[in-house]
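Commentary on secondary and tertiary structure
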Amino acid sequence: MMGLGMRFRALVAAVGVLFLAVTVDAVADSKVNSVRLWRAPDNTRLVFDLTGPVQHSVFTLTAPDRLVIDINGATLGAPLNVNTSNTPITAMRSAQRTPTDLRVVIDLKKAVTPKSFSLAPNAQYGNRLVVDLFDNAADAAPPPAPTPSVATVPAVPVTPTEPAIKLPPAPAGKRDIVVVIDAGHGGEDPGASGSRGQREKDVVLQIARETQRQVNGMKGFRAELTRTGDYFIPLRGRTEIARKKGADLFVSIHADAAPSAAAFGASVFALSDRGATSETARWLADSENRSDLIGGAGNVSLDDKDRMLAGVLLDLSMTASLTSSLNVGQKVLSNIGRVTPLHKQRVEQAGFMVLKSPDIPSILVETGFISNANEASKLAASNHQQALARSISSGVRQFFQQNPPPGTYIAWLRDSGKIVQGPRDHRVNPGETLAMIAVRYQVSPATLRSANSLSSDELKIGQHLTIPSTELAAKE
Ligand SMILES: [Zn+2]
């Protein structure tokens, strides 16, 4: 019996070796055709494009600091040229160690912590090897100096090991309401694309930045961005940033694509934990959630404990924030409906991963269909981006004026006997000037100009102006 078992195991081992040999042979002719690089606030991502699957290993060397990437079963198909400015990388070189084993050596200015994984082909790319170089916390560069304008203060970089960011102390009970604005996709993950090469990741970052500028211009509010450039953040990482920044609201900004080029219109989504309210919603949630597979978050950056804890918290407090999400979503949707056609007249619900913050009201705005030629060119135009941002910031303000979190300036305004006159819409009548309208609503002409992004005082009859909110003494 024992003998039989031993022989059986020996056979299994032999077959195993045979398979291994076949596997190595089969992948020996993969080529590394290019390398792409993305710089994020706390890491540098290298993506090697391959013609087939490979095995790999990564290790670091010191004095001087280097990172060695051994790619087994591959040869170099083209020179590895990449711009490494603003990264810890000083040079990248490669050598063929054996006919099938390629070694890439990366010279570094300072030590990094590497993380690597392979990605299978998808609709956009073939086999890839991803190597993330995380800046070591101790020598991470200090955040860039703040600029004078509040609208362009860069987000503080977040690293996985960094403790929660301490917000500057505000006067007791008068803190700002924090709105975290999330530009979808980025870096390795371009999102949807238009027929003229418009890319969702670029368009939504522009809209997110403009929304941030506008929200920062509203007294009692502060806006932060999850991503400030062209790099990838995993979906769960985005909600973590929101939590670290103390978000009162999370707004994720996207642009759609649909199989039908005729599909058009903007939509606003809140989370559904029961399944999507429509087929479209389900389809969209699937395609947005696929982002993590494209960008390569996979199982890399989260352990199972985090996942389980997140699930428990989700069940405990999702209901309260869902009510708020639907409320703020409806206000944003109504405002968007004034500047662009709507895909659906009410807030839709779907299982978007990025909306799964148990304690933070969260909405996802699909600003239009980039797969529709007409909407794609609108989405790329700065005046339309401003109008979309205005709709989002107005909706957010209207929601919080009705539902100010305790301890905020907006709550103080309400509680201290002042009332806030919310933003209104004014349609320009014949003979009206900007100055006349300013007097009528008791706001300054400058406020009116900036609220409507006007470059001159010329108005057209029938033009819609947003009258920003004003504080008024409450009538007894
Ligand atoms: Zn998207």
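Fair warning: this is a prediction, and the values are worked out from it, not measured in the lab.

Calculation rules
Residues numbered from 1 in each chain as written. Predicted model: local features only at pLDDT ≥ 70, side-chain atom pairs only at ≥ 80, totals over all residues. Heavy atoms only, no water. Helix = DSSP H or I, 4+ residues; strand = E, 2+ residues; numbered from the N terminus. Buried < 20%, exposed > 50% of the residue type's maximum accessible area, 1.4 Å probe, protein only. Contact = heavy atoms within 4.5 Å. Pairing = 2+ DSSP bridges. Axes fitted to C-alpha atoms, helices over the stretch in contact; angles between N-to-C directions. Parallel < 35°, antiparallel > 145°, perpendicular 65-115°, else oblique. Nonpolar A, V, L, I, M, F, W, Y, C, P; charged D, E, K, R; others polar. Left-handed = near helix turned anticlockwise from the far one by under 90°. Salt bridge = Lys/Arg side-chain N within 4 Å of Asp/Glu carboxyl O. Polar contact = N/O pair within 3.5 Å; in protein donor to acceptor, adjacent residues only side chain to side chain.

With that settled, consider the overall build of the chain. Each helix and strand in the chain was counted, giving 11 helices and 19 strands. Here the chain holds 476 residues, and the buried ones make up 46% of them. Counted over contacts in the chain with a minimum sequence separation of 6, partners at least 24 positions apart contribute 73%.

Let us look at the pairing of strand β4 (residues 66-72). The side chains of a regular strand alternate, residue by residue, between the two faces of the sheet. The buried fraction of β4 amounts to 5 of the 7 residues, a majority that puts the element mostly inside the structure. When strand β3 (residues 55-61) meets β4, the two strands line up antiparallel, connected through 7 bridges. Within β4, the residue paired with S57 across the bridge is D70. A loop of 4 residues connects β3 with β4, the two strands running antiparallel in sequence, and A63 in this loop sits at a positive phi of about 45 degrees. Of the strand pairs in this sheet, β4 and strand β7 (residues 101-108) are connected by 7 bridges, and their pairing is antiparallel. Counterpart to R66 in the pairing with β7 is D107.

All right, on to the packing of helix α7 (residues 373-380) against helix α8 (residues 382-402) then. It is the contact of α7 with α8, at a shortest axis distance of 5 Å, that shows an interaxial angle of 80 degrees. The angle between the axes of α7 and α8 places the two elements in the roughly perpendicular class. Counted together, K378, L379 and A380 of α7 and S382, H384, Q385 and L388 of α8 form the full contact between these two elements. Taken together, the residues that form the contact of α7 with α8 break down as 3 nonpolar, 3 polar and 1 charged.

So, on to the packing of helix α2 (residues 200-216) against α8. The contact between α2 and α8 brings their axes to 8 Å, and the two run at 50 degrees. One element, α2, and the other, α8, form an angle in the oblique class. You can see that α2 and α8 cross each other, and the crossing is right-handed. Here V203, Q206, I207, E210, T211, Q214 and V215 of α2 lie close against α8, whose contacting residues are Q385, Q386, L388, A389, R390, I392 and S393. Looking at side-chain class alone, the contact of α2 with α8 contains 6 nonpolar, 6 polar and 2 charged residues.

The complete set of buried residues in helix α3 (residues 235-244) reads L235, G237, R238, T239, I241 and A242. Trailing α3 by a residue or two, G246 shows a phi angle of about 70 degrees, which is positive.

Turning next to the environment of S377. By secondary structure assignment, the location of S377 is in helix α7. In sequence terms S377 and Q198 are 179 residues apart; their C-alpha atoms lie 8.0 Å from each other.

Negative phi is the rule for most residues except glycine; trans is the rule for most peptide bonds. Cis geometry is found at the peptide bond from A63 to P64, where omega equals -5 degrees. On the secondary structure map, P64 appears in the loop between β3 and β4. Positive phi values are uncommon outside glycine, yet N86 reaches one of about 65 degrees. Inspection of the secondary structure puts N86 in the loop between β5 (74-76) and β6 (89-98). Positive phi outside glycine occurs at H185, with the angle close to 60 degrees. You can call H185 buried: its relative accessible area is 5%.

What follows concerns the pattern of salt bridges. Scanning all chains against the criterion turns up 19 salt bridges. Among the ionic pairs, R213 bridges to E210, the shortest N-O distance being 3.0 Å. Linking R213 with E210, this pair stays in helix α2, spanning 3 residues, or about one helical turn. For E210, a relative accessible area of 11% gives the class buried. For E224, the salt bridge is made with R222, and the minimal N-O distance between the two is 3.2 Å.

On to the side chain of Q385, then. Relative to the assigned elements, Q385 resides in helix α8. Relative accessible area serves as the criterion here: at 7%, Q385 is assigned to the buried category. For Q385, the side chain forms a polar contact with the side chain of Q206, separated by 2.7 Å. Polar contacts involving the side chain of Q385 include one to the main-chain carbonyl oxygen of L379, which spans 2.9 Å. Not counting residues up to four positions away in its chain, the partners in contact with Q385 are V203, Q206, I207, E210, L379 and A380.

Keep in mind these numbers describe shape, not what the thing actually does.
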